[in-house]
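# Chains, contacts and geometry: an overview
One letter stands for each residue in the lines below.
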Amino acid sequence: MLQSTFIVAMDNYFSLPKVISKLREMGVGMVGTSRPKSNWPPKVLKSIDAEKSNFNEFYWVIHEYGTLLSWWKENGMVLCCSTVHKVGKTIERLRKKPRPTTTNKHHIKEVWGESGATNIYIPTLIDDYNHWMGGVDMADQLIAYYHPDLRCQRTWMPMFLQIISMVRR
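Basis of the calculations
- Residue numbers here run from 1 along each chain, matching the order of that chain's written sequence.
- Thresholds applied to this predicted model are a pLDDT of at least 70 for local features of residues and 80 or more for the giving and counting of side-chain atom pairs; totals over whole chains, interfaces and linings are not thresholded and use all residues.
- Water and hydrogen atoms were dropped before computing side-chain values, which therefore reflect all heavy atoms in the structure.
- Counting from the N terminus, the helices are the DSSP runs of H or I reaching at least four residues and the strands are the DSSP runs of E reaching at least two.
- Exposed residues in this analysis have more than 50% of their type's maximum accessible area, buried residues have under 20%, and partly exposed residues fall in between, with area computed by a 1.4 Å probe over protein chains only.
- Residues are treated as being in contact if the distance between any of their heavy atoms lies within 4.5 Å.
- Here, a strand pair is defined by DSSP locating no fewer than two bridges between the strands.
- Each axis is a line fitted through C-alpha atoms, taken for helices only over the stretch in contact, and angles between the N-to-C directions span 0 to 180 degrees.
- Here the aromatic set is Phe, Tyr and Trp, taking the six-membered ring for Trp, and pairing holds for ring centres within 6.5 Å; pairs whose planes are under 30 degrees apart are stacked, those over 60 apart are edge-to-face, and all others are tilted.
- In protein, a polar contact means a hydrogen-donor-capable atom and an acceptor-capable atom, both N or O and within 3.5 Å, with residues adjacent in sequence counting only if both atoms are side-chain atoms; elsewhere, any N or O pair within 3.5 Å suffices.
- Buried residues of nine kinds, namely Ala, Val, Leu, Ile, Met, Phe, Trp, Tyr and Cys, make up a nonpolar core once their side-chain atoms join them within 4.5 Å.

Now for unusual backbone geometry. Positive phi values are uncommon outside glycine, yet Asn 56 reaches one of about 65 degrees. Within the fold, Asn 56 resides in the loop between α2 (43-46) and β3 (58-62).

Right, here's the structure in full:
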């Protein structure tokens, strides 16, 4: 049986409003992180102060095309977008204790205490993104170990070798 619905996981380089709307027109769902741009995300989300927000807080807004845009605070603020997730759905996951820094040390002490890992309820949007992007990150890591550094005037040659490296994995 052929799959009738596709979902693309994207990192912040490709998650642009025009790309998301074009995928929606094609019937393809997406989940990913994004970078703040001049008109992206809306002012409601841009006005949230990262210093005043607490660990695991989830701020969201539905964009004009039905795209869920959200800020989620873990160690820092993460801008997420999805066309396939609903607000309010969470899942319990075991999370390792992160390295304490000056900005997150009070969160770490409050949530983890002395234990090395604890169960935390995180949004399903974040969980799916971490699950699906893990394979992409692993492929990039494996390619980086053996990828030749090639400089040449023909711009297609490095791209061709990158594709060959991905296929061979």
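For Ser 70, the position within the fold is in strand β4 (residues 68-73). Accessibility expressed as a relative area gives 0% for Ser 70, which makes it buried. The spacing of Ser 70 and Leu 125 is 55 residues in sequence and 9.6 Å in space, taken between C-alpha atoms. Among residues more than four places away in sequence, those in contact with Ser 70 are Leu 45, Phe 58, Tyr 59, Trp 60, Val 78, Leu 79, Cys 80 and Leu 125.

Looking at chain direction, strand β2 (residues 28-33) and strand β5 (residues 77-82) are connected through three bridges and run antiparallel. The residue bridging Gly 32 from the neighbouring strand is Cys 81, located in β5. When β4 meets β5, the two strands line up antiparallel, connected through six bridges. Pairing of Ser 70 across the sheet is with Cys 80, part of β5.

With that settled, the discussion passes to the sheet that holds β2. Reading across the sheet, the five strands line up as β1-β2-β5-β4-β3 and stay open at both edges, with mixed pairing between neighbours. Strands at the two margins of the open sheet, each flanked by one partner only, are β1 (6-10) and β3. Sheet twist, expressed as the average angle between the axes of neighbouring strands with direction ignored, equals 15 degrees. When β1 meets β2, the two strands line up parallel, connected through five bridges. Of the residues in β2, the one forming a bridge with Phe 6 is Val 28. The strands that helix α1 (residues 17-26) touches are β1, β2 and β5; relative to β2, the one it contacts most, it runs at about 155 degrees.

Turning next to the packing of aromatic side chains. Evaluated as defined, the whole model comprises one aromatic pair. Considering the side-chain rings of Phe 55 and Trp 112, the 5.4 Å spacing of their centres and the 65 degrees angle between planes classify their relative orientation as edge-to-face. Taken together, the residues span a long stretch of sequence, with Phe 55 in the loop between α2 and β3 and Trp 112 in the loop between α3 (105-111) and β7 (117-123) at a distance of 57 residues. The same class applies to Phe 55 and to Trp 112, which are both buried.

Structurally, the position occupied by Tyr 59 is in strand β3. Distance in space between the C-alpha atoms of Tyr 59 and Val 44 is 9.4 Å, their sequence separation being 15 residues. Aside from chain neighbours lying at most four places away, what touches Tyr 59 is Leu 45, Ile 48, Ser 53, Leu 69, Ser 70, Trp 71 and Met 77. A polar side-chain atom of Tyr 59 sits 2.2 Å from a polar atom in the side chain of Glu 57.

Right, let's get into the nonpolar core. In this structure, Trp 112, Ile 120, Leu 125 and Ile 126 are the most contacted members of the largest nonpolar core, which totals 13 residues. Secondary structure elements with two or more residues in this core: β4, β7 and α4 (124-146). Here the element with the most residues in this core is α4; it accounts for four residues. Not counting the four nearest positions on each side in its chain, Trp 112 is found in contact with Phe 55, Arg 95, Lys 96, Lys 97, Pro 98, His 107, Ala 117, Thr 118 and Ile 120. Met 30, Leu 45, Val 61 and Leu 69 belong to the second largest nonpolar core, which has 12 residues in total.

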